[in-house]
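Listed here are the chains, written in short residue letters.
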Amino acid sequence: MLAALPLLTTAPAAAQAPACPHVEAPPPPVDTSEVPAPGQPAPAPVPVPETPVGGDAMAGCELRTAPERPGPPPDVANAAAGWVLADLDTGEVLAAKDPHGRQRPASTIKVLTALTALRELKLDDTLVATQEDANQEGTRIGLQPGLTYSVGQVFQAMLMGSGNDAAHALAVKMGGVDVALRKMNAVAAEIGALDTRAATPSGLDGAGMSTSAYDLATIFRLAMREPAFAQAIATPMMVLPGAPGQPPYELWSDNQVLRKYPGGLGGKTGFTDDARHTFIGSAQRDGRRLVAVLVRGENHPVRLSHQAMALLDYGFSLPRGTAVGELVTTSPRAPEAVAPAARADLPPPGADGVGVRDSSFFGTITGPLLLLAAALVAVAAAVLLRRRRAQLAQARRQAAAESAEHP
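Residues numbered from 1 in each chain as written. Predicted model: local features only at pLDDT ≥ 70, side-chain atom pairs only at ≥ 80, totals over all residues. Heavy atoms only, no water.

A.B. asks: Honestly, the state of the cysteines in this entry has me stumped. Any pointers?
C.D. replies: Taken as a whole, this structure holds 1 disulfide when the rule is applied. With its sulfur 2.4 Å from that of its partner, Cys20 forms a disulfide with Cys61. In this structure the cystine formed by Cys20 and Cys61 twists about its S-S bond by roughly -90 degrees; its chirality is therefore left-handed. Residue Cys20 is located in the loop between helix 1 (13-16) and strand 1 (63-65), and its partner Cys61 is located in the loop between helix 1 and strand 1; the two are separated by 41 residues in the primary sequence. (Disulfide = S-S within 2.5 Å. Helix = DSSP H or I, 4+ residues; strand = E, 2+ residues; numbered from the N terminus.)

A.B. asks: Got a minute to help me understand the pairing of strand 8 (residues 264-272) in this structure?
C.D. replies: In terms of burial, strand 8 is a largely internal element, 8 of the 9 residues being buried. In this structure, the hairpin formed by strand 8 and strand 9 (residues 276-285) is closed by a connection of 3 residues. (Buried < 20%, exposed > 50% of the residue type's maximum accessible area, 1.4 Å probe, protein only. Pairing = 2+ DSSP bridges.)

A.B. asks: It is not clear to me how helix 6 (residues 164-173) should be interpreted in this structure. Could you clarify?
C.D. replies: The α-helix advances 3.6 residues per turn, and as a result positions three or four apart in sequence lie on the same side. The buried count for helix 6 comes to 8 of 10 residues, which makes it a mostly enclosed element. Burial in helix 6 covers these residues: Asn164, Asp165, Ala166, Ala167, His168, Ala169, Leu170 and Ala171. Check the buried side of helix 6 and you find it contacts helix 3 (110-120), strand 4 (126-128), helix 4 (131-134), helix 5 (151-161) and helix 7 (177-190). Within two residues after helix 6, Gly175 carries a phi angle of roughly 120 degrees, on the positive side. (Contact = heavy atoms within 4.5 Å.)

A.B. asks: Sorry, what's going on with empty space enclosed by the protein here?
C.D. replies: Summary: where empty space remains is shown by rolling a probe the size of a single water molecule over the atoms. Applying the stated criterion to the full structure yields 2 cavities of 30 Å³ or more. In this structure, the second largest cavity spans a volume of roughly 30 Å³. Lining the second largest cavity, in full, are Leu159, Met160, Ala232, Ile233, Thr235, Ser253, Asp254, Asn255 and Gly267. Of all elements in the fold, only helix 5 and helix 9 (227-233) reach the threshold of two or more residues within the lining of the second largest cavity. (1 Å grid on protein atoms, 1.4 Å probe; cavity = no way out; pocket = protein on both sides within 12 Å on 5 of 7 lines; lining within 4 Å. Points joined across faces, edges and corners; volume = space filled by probe spheres on them.)

A.B. asks: What am I meant to see in the side chain of Thr269 here?
C.D. replies: Along the chain, Thr269 falls in strand 8. Here Asp254 takes part through its side chain, which lies 3.1 Å from a polar atom of the side chain of Thr269. (Polar contact = N/O pair within 3.5 Å; in protein donor to acceptor, adjacent residues only side chain to side chain.)

A.B. asks: Would you mind showing me how to read the nonpolar core here?
C.D. replies: Within soluble globular proteins, side chains that are nonpolar generally end up buried alongside one another. If you look at the biggest cluster of nonpolar residues, it comprises 70 residues, and the most contacted ones within it are Phe155, Phe220 and Phe229. With 8 residues, the single largest contributor to this core is helix 8 (residues 213-223). For Phe229, the contacting residues outside a window of four places in its chain are Val111, Ala114, Leu118, Phe155, Leu159, Phe220, Ala223 and Met224. Counting residues in each nonpolar core, the second largest holds 22 residues, with Ala77, Leu85, Ala283 and Tyr314 among its members. (Core = buried A, V, L, I, M, F, W, Y, C linked by side-chain atoms within 4.5 Å.)

A.B. asks: Sorry if this is basic, but what is going on with the pairing of strand 9 here?
C.D. replies: For a regular strand, side-chain orientation follows a simple rule: the groups alternate between the two sheet faces. Here strand 9 lies mainly inside the structure; 7 of its 10 residues are buried. Bridge analysis of strand 8 against strand 9 gives 8 bridges, and the strand direction is antiparallel. Bridged to Gly270 within strand 9 is Thr278. Pairing between strand 9 and strand 10 (residues 288-297): 8 bridges, direction antiparallel.

A.B. asks: How should I be thinking about the pattern of salt bridges in this particular structure?
C.D. replies: A side chain of one charge can pair with a side chain of the opposite charge when the charged atoms of the two come close. Overall, the coordinates contain 7 salt bridges when judged by the stated rule. Its salt-bridge partner being Arg104, residue Glu34 comes within 2.4 Å of it at the nearest N-O pair. In this pair, Glu34 is assigned in the loop between helix 1 and strand 1 and Arg104 in the loop between strand 3 (92-97) and helix 3, connecting sequence segments 70 residues apart. In this structure Glu34 comes out as buried when scored by relative accessible area, which is 13%. Given the relative accessible area of 2%, Arg104 is considered buried. (Salt bridge = Lys/Arg side-chain N within 4 Å of Asp/Glu carboxyl O.)

A.B. asks: Can you help me understand the confidence of the model for the protein in this one?
C.D. replies: Where the model shows low pLDDT, its predicted coordinates should not be examined in detail. On average, residues of the protein carry a pLDDT of 83, and 77% of them reach 70 or more. The model gives residues 339-404 a pLDDT under 50, and that stretch makes 86 contacts with residues more than four places away or in other chains. (pLDDT = per-residue confidence, 0-100.)

Structure follows, in C-alpha cells:
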C-alpha cells in the first residue's frame, strides 16, 4: 500500500461528486445494441462502493494531479471523458480524470477476457473454430470454421488484431459465453475492478456493460504480470493458418504505442458507437513502466493513440514517487461481499478442461506434440515464403493503421 497521499490540486472529492454525471452508469446508448433479450430485465447499475477504490483522490470527476507538479497538456487532459496514468510496477496513479466514471470498454474488455482465459485454459490445448465464431460482428481476425487452432494462437490473435471471433472462441472454450462472462466478472470483482461488468467477451455493446479508466488500468496491470499476455501485446506480427487450400497469412498488431512510441510495450484499442474510442497504451523508460488508459474519447483533432503517447510523455517527466492514488490488486470488500452473483453457478474447476492455470505462452509440453510440430513447420514455411514480401506487407499495414485505428 502507498503511504498517505498529499493534498490534491483540486477541491475535495466529496464536494465534486454530485456534479459527476457517470457515477453509477455510462451515458445512455445511442442505438439498440444494449436492449436486453426478450423476457430479460435490464441489469441494474453496478453498485457504487461506499469509499472510492484506490484512495479518496479517486473520487470525483475533475483532473487529479499531485501538488506543485505541472499538469498534462490541456488539450490532452480534457480530450477523453476519463483517463488514468499509472505506474505498472508500483501501482501509483500519477494523475487522473474521472477515474471511476462509468463508461463502456469496447474492445479493451478483451484484456479481462485474456486474463480470465489465462486462469482457465491451457494455451497448448486446441479448439476448433465454428461458424458462430466467424459470424461475430465487428473486427475479426479471420478464424476459419472447422479449422483447428491452438488456444495460444487464438489468445494472441485476439489481443493483436482485436478479433471478436477470437474472443468468442475463447469464451466458448471456457464453457460457453454465459459461463465465461460470469468468470470474467468474478475476476474483476476479486481484483477490485468494482466498476466493471462484462456483457460480452469481445467488447461489443451489451446490456449492463460497464467499466472505468481506473478498472481498465487495474486489469491491465495484473495482466502484464502474465508472461503470455505481455508477450502477446508486444508482438508486432504473427502468422495464422489460412483457409483450406490457402497459404498462412500475417496478422499485425493494431496498437500504435507499440509500433511508434519509443519503449512501447503495447496495449489495446477499442471502439463502438456507444463506447466511442477507448485506448490502453504502455511503455517503459529508464526502468519505469507506465500505462495510460483513456475512455470515451475521439480521434479528432488528435488520435487517441497520440493522446496516450502525450500522457506517457507527461508521466515519464514526473519524478518517481508522484502519486494521487493507487491501483489495487485485490478487492477492498470482504470476500463474502465480492460479486456473489458473478460467481454463482460456475462449473467446478477442471470441468470441460477449465480451471487450470498456465501462464506460459506455449503451455506445458504435455499437449498434442504432433499438432505443435505441424504448426511449427507451417509457420517456418510461411516465414520463408513471405520473407521477400514482408517489407511491402508491413508498409501497407502501417499505412492502413495510420488512416484508421482498429476497434
